[in-house]
Amino acid sequence: MTIAVAAQKSVSRIEPFNVEGAVLSVSGLGLEISDRLGALQMNARVEIETGSAPLLAEIVGLNETSALALPFGSVEGVRRGARTMFLRDASSIRPSHAWLGRVVDGLGRPIDGKGPIDEGAVSRLLRSSPPTAPLRARLGGPVDFGVKALNAFTPARAGQRMGVFSGSGVGKSALLGMIARNTACDVSVIALIGERGREVRDFIEDHLGPEGLARSIVVVATSDEPAMMRREAGFMALTLAEHFRDEGAHVLCLMDSLTRIAMAQREIGLAAGEPPTTKGYTPSVFSTMPALIERAGPGIDSASPGYITGVFSVLVEGDDHDEPIADAARAILDGHIVLDRRIAERGRFPAVDILKSISRAMPDAVSEDNGALIATARLHASAYDDMRELIRIGAYRDGANADVDRAIALQPKLEDFLAQALSSRVSIEETFSMLGSALAEDHDQ
């Protein structure tokens, strides 16, 4: 046995030692922690002694002799000089099929009152990288959302990343509930981030239901929780989705909302000393978004690759679809579903604007015949939209334009087609059959 091998074996038998520090100061939500040994690193976890339960925090900044940490809970009870334990392997989880049907927080702790969750054998880092681009599989087959407006006008393929862009009160949460309940997939991972706490149980019981929950994992971080917890919930959801994707499953990852994660990252960045840019968003916001979104998609190319089909909601401020977060998300995602307030005010649900919504994978997601139906319907909708104001005030006269006349005749049928009850599900086949019937009736007139 060589000296090097003997030394290696001796070192492996040494018990790992604990590294401790102390809180130097507390400013707002930031905790300055002594780090004279240089033992801390970015995104490492620490546990801080308080008067009651220990407080978990994460390192978001480093300087010569100290580190800046932001907590996952309230800083109440933290004092100067409080003992701080540097944790090892805290930024990882061990998912398993036992997680299905459960509701967890941003740290993976069960919050549904059903007891602890059995851990799996494999540990997964929350901050992992997506598969290398040239090794990823291509998009899979068509995804059946069970919603007519989406199946027809934003057809998607397995592994695609779609965005739902909406102002407040336009029916975004209800549409996401339909997608969660109706989408044909093996596993659903649903992240409810920064939303109202009272809506969580409503979503689980009314929109998801017992059958939908049985195949789902729900990650919750409500609006009253610290920014670190809200951001972490996004990484938790993608890590869980990756686990099942790597097992060959088709996973629906539904995240509501991407905007709340961006806002949480803005709080974290400002606390860490980053300069604010457009609308106060820090540079790290625009690097966190692609780091999160790119983890969705196909897995490594193989005989039976898994897929993560991502649906990310984006709450546009003041109905401005060109505000910074919406604009950045639209550039990264593979398509966008736009909800329009005017349509919602007319009482049509879901309030999808089919002229502003698009799927970048549409040419390969539908057959040639169905693609022709979509093009015809869009053409009629566009002709009607161009003349909408003249029609509304009675300035348009029948017979002035044959294309507009056909569009006016079709408009009520198209509106009826796009409307769908919350409790109903319409398959892809039924969707195009109904759309074809509406267009055929128009041509028969």
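For the structure itself, look to the data block above.
This part takes up the overall build of the protein chain. If you tally the helices and strands in the protein chain, you get 14 helices and 19 strands. Counting only C-alpha atoms, the protein chain reaches 90 × 50 × 40 Å along its principal axes. Evaluated residue by residue, the protein chain yields a buried proportion of 53% over its 445 residues. For the protein chain, contacts bridging at least 24 residues in sequence account for 72% of all contacts bridging at least 6. Counting every atom, the protein chain has about 20,200 Å² of accessible surface; 52% of that belongs to carbon and sulfur. Put simply, the protein chain has 46 plus and 59 minus side-chain charges, and the middle of one group is 3 Å from the middle of the other.

Let us now look at the pattern of salt bridges. Using the criterion set out here, one finds 30 salt bridges in the structure. Residues Asp 364 and Arg 157 are paired through a salt bridge, measuring 3.7 Å at the closest nitrogen-oxygen approach. Of this pair, Asp 364 sits in helix 10 (residues 362-365) while Arg 157 sits in strand 11 (residues 156-157); the two residues are 207 residues apart in sequence, bridging distant segments of the chain. What makes Asp 364 exposed here is its relative accessible area of 56%. Taking the relative accessible area as the measure of exposure, Arg 157 reaches 15% and is therefore buried. For Arg 198, the salt bridge goes to Asp 202, with nearest N and O atoms at 4.0 Å. Of the two residues, Arg 198 and Asp 202 are both situated in helix 4 (residues 198-214); the distance of four residues between them amounts to about one turn of the helix. Overall, Arg 198 belongs to the exposed group, its relative accessible area being 58%. Members of the salt-bridge network, linked through shared partners, are Arg 45, Glu 58, Arg 127, Arg 231 and Glu 232.

This brings us to the sheet that holds strand 5 (residues 66-71). The antiparallel closed barrel is built from six strands, whose spatial order is 1-2-5-4-3-6. Between one strand axis and the next, the sheet turns through 45° on average, direction left out of account. Direction of pairing for strand 2 (residues 30-34) relative to strand 5: antiparallel, over a ladder of four bridges. Looking at strand 5, one finds that Glu 32 is bridged to Leu 68. Against the sheet, helix 5 (residues 227-246) makes contact with strand 3 (45-48), strand 4 (55-62) and strand 5, and its axis sits at roughly 85° relative to strand 4, the strand it touches most.

Considering the arrangement of structural elements, one finds Ala 440 in helix 14 (residues 428-444). Through-space distance from the C-alpha of Ala 440 to that of Val 218 is 43 Å; in sequence the pair is 222 residues apart.

Glancing now at helix 6 (residues 258-271). Taking 1.5 Å per residue, 14 residues should reach 20 Å; helix 6 reaches 20 Å between its end C-alpha atoms and fits that length. With respect to burial, helix 6 is a largely interior element, 10 of its 14 residues being buried. Where helix 6 is concerned, the buried positions are Leu 258, Thr 259, Ile 261, Ala 262, Met 263, Ala 264, Gln 265, Arg 266, Ile 268 and Gly 269. Gly 273 occupies a position one or two residues after helix 6 and carries a positive phi of about 95°.

Let us now look at the packing of helix 3 (residues 172-182) against helix 4. Between helix 3 and helix 4, the least distance of the axes is 8 Å, while the angle of their chain directions is 55°. Considering their axes alone, helix 3 and helix 4 lie oblique with respect to each other. With respect to the hand of their crossing, helix 3 and helix 4 are arranged in right-handed fashion. Contacts between helix 3 and helix 4 involve Ser 173, Ala 174, Leu 176, Gly 177, Ala 180 and Arg 181 from the first element and Phe 203, Asp 206, His 207 and Leu 208 from the second. Taken together, the residues that form the contact of helix 3 with helix 4 break down as five nonpolar, three polar and two charged.

So, on to the environment of Val 164. Counting through the fold element by element, Val 164 comes out in strand 12 (residues 161-166). According to the relative accessible area criterion, Val 164 is buried, its value standing at 0%. Considering only alpha carbons, one finds Val 164 and Val 352, 188 residues apart in sequence, at a separation of 9.4 Å. Those residues in contact with Val 164 that lie beyond four places of it in its chain are Lys 172, Leu 175, Leu 176, Val 311, Phe 312, Ser 313, Val 314, Ile 337 and Leu 339.

Extensive coverage of strand 2 is indicated by the burial of four of its five residues. Sheet analysis places strand 1 (residues 20-27) next to strand 2, joined by four bridges and oriented antiparallel. Bridging from a neighbouring strand, Val 26 pairs with Leu 31 of strand 2. What sits between the antiparallel neighbours strand 1 and strand 2 is a turn of two residues, in which Gly 28 has the positive phi angle 65°.

Turning our attention to the packing of aromatic side chains. What characterises a pair of aromatic rings is the spacing of the ring centres plus the angle enclosed by the ring planes. All chains considered together, the criterion is met by two aromatic pairs. Here Tyr 281 and Phe 286 contribute two aromatic rings whose centre-to-centre distance is 6.3 Å and whose plane-to-plane angle is 70°, an arrangement assigned as edge-to-face. Look at Tyr 281 and you get buried, because its relative accessible area is 0%. Phe 286 gets classed as partly exposed once you look at its relative accessible area, which sits at 31%. Lying across the ring of Phe 417, Lys 148 places its NZ or CZ 5.5 Å from the centre. In this structure, Arg 330 is placed above the aromatic ring of Phe 165, and the distance from its NZ or CZ to the ring centre is 5.7 Å.

On to the nonpolar core, then. Counting residues in hydrophobic clusters, the biggest one holds 55 residues, and the most contacted among them are Val 219, Leu 240, Val 251, Met 255, Leu 258 and Met 289. The dominant element in this core, judged by the number of residues it contributes, is helix 5, at 11 residues. Discounting residues that sit within four places of it in the chain, Met 255 has contacts with Ala 191, Ile 193, Gly 234, Ala 237, Leu 238, Ile 261, Leu 292, Val 311, Phe 312 and Ser 313. Counting 49 residues, the second-largest nonpolar core is a separate cluster that includes Phe 145, Leu 176, Leu 414 and Phe 432.

Definitions and limits used
Residues numbered from 1 in each chain as written. Predicted model: local features only at pLDDT ≥ 70, side-chain atom pairs only at ≥ 80, totals over all residues. Heavy atoms only, no water. Helix = DSSP H or I, 4+ residues; strand = E, 2+ residues; numbered from the N terminus. Buried < 20%, exposed > 50% of the residue type's maximum accessible area, 1.4 Å probe, protein only. Contact = heavy atoms within 4.5 Å. Areas by Shrake-Rupley, 256 points an atom, 1.4 Å probe, with all protein chains shown as cover. Lys, Arg positive; Asp, Glu negative; His and termini not counted. Charge placed at Lys NZ, Arg CZ, Asp CG, Glu CD. Salt bridge = Lys/Arg side-chain N within 4 Å of Asp/Glu carboxyl O. Pairing = 2+ DSSP bridges. Axes fitted to C-alpha atoms, helices over the stretch in contact; angles between N-to-C directions. Expected span 1.5 Å × (residues − 1). Parallel < 35°, antiparallel > 145°, perpendicular 65-115°, else oblique. Left-handed = near helix turned anticlockwise from the far one by under 90°. Nonpolar A, V, L, I, M, F, W, Y, C, P; charged D, E, K, R; others polar. Phe/Tyr/Trp six-rings, centres within 6.5 Å; stacked < 30°, edge-to-face > 60°. Lys NZ or Arg CZ within 6 Å of the ring centre and 35° of its normal. Core = buried A, V, L, I, M, F, W, Y, C linked by side-chain atoms within 4.5 Å.

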